[in-house]
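Next come the chains, spelled out residue by residue.
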Amino acid sequence: MKSVALLVWLLSANGGDSIVHVDHLDDMAACQAKAAEVSAPYLQEGRRTRHLCQQVVEEVGGVDENGNPL
């Protein structure tokens, strides 16, 4: 099960950061490796990136029509 979420975004000098990659992976090590892989081309261009690997907590139980937990 994909239990780790990855977000990679570009940092800009004027504060207009933008997300460039979103993914779900199996573990934290895979997430770190994917973050490095995705960031490499931007770093070669001299651009700065930041990433976040976040453990996803699986919802237990039902959800309503809007996706909210019951």
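For the structure itself, look to the data block above.
Cut-offs used in this document
- Residues numbered from 1 in each chain as written.
- Predicted model: local features only at pLDDT ≥ 70, side-chain atom pairs only at ≥ 80, totals over all residues.
- Heavy atoms only, no water.
- Pairing = 2+ DSSP bridges.
- Helix = DSSP H or I, 4+ residues; strand = E, 2+ residues; numbered from the N terminus.
- Axes fitted to C-alpha atoms, helices over the stretch in contact; angles between N-to-C directions.
- Contact = heavy atoms within 4.5 Å.
- Core = buried A, V, L, I, M, F, W, Y, C linked by side-chain atoms within 4.5 Å.
- Buried < 20%, exposed > 50% of the residue type's maximum accessible area, 1.4 Å probe, protein only.
- Polar contact = N/O pair within 3.5 Å; in protein donor to acceptor, adjacent residues only side chain to side chain.

Caption draft 1: Highlighting the sheet that holds strand 2 (residues 18-25). Spatial strand order, 2-1-3: 3 strands in an open sheet with antiparallel pairing. Both edges of this open sheet fall to strand 2 and strand 3 (48-55), since each of them pairs with a single strand only. Ignoring which end each strand starts from, the neighbouring axes of this sheet average 15° apart. Taken together, the 8 bridges between strand 1 (residues 4-11) and strand 3 define a ladder with antiparallel strand orientation. Looking at the pairing, Val 8 lines up with His 51 of strand 3. Helix-sheet contacts for helix 1 (residues 28-44) involve strand 1, strand 2 and strand 3, and the interaxial angle to strand 1 is about 20°.

Caption draft 2: Structural context of the nonpolar core. Core analysis: the biggest nonpolar cluster contains 8 residues, these being Val 4, Leu 6, Val 8, Leu 25, Cys 31, Ala 35, Val 38 and Cys 53. Among the elements of the structure, strand 1 and helix 1 are those that each provide at least two residues to this core.

Caption draft 3: Representation of the environment of Ser 12. Structurally, Ser 12 is set in the loop between strand 1 and strand 2. Classification of Ser 12 as partly exposed rests on a relative accessible area of 31%. Along the sequence, Ser 12 and Thr 49 sit 37 residues apart, while their C-alpha atoms lie 8.9 Å from each other. At 2.9 Å, the side chain of Ser 12 forms a polar contact with the backbone nitrogen of Gly 16.

Caption draft 4: The arrangement of the pairing of strand 2 in detail. For strand 1 and strand 2, the ladder comprises 7 bridges, and the chain directions are antiparallel. When the bridges of strand 2 are listed, Ala 5 appears paired with His 24. Hairpin remark: strand 1 followed by strand 2, antiparallel, with 6 residues in the connecting loop; positive phi at Gly 15, about 85°.

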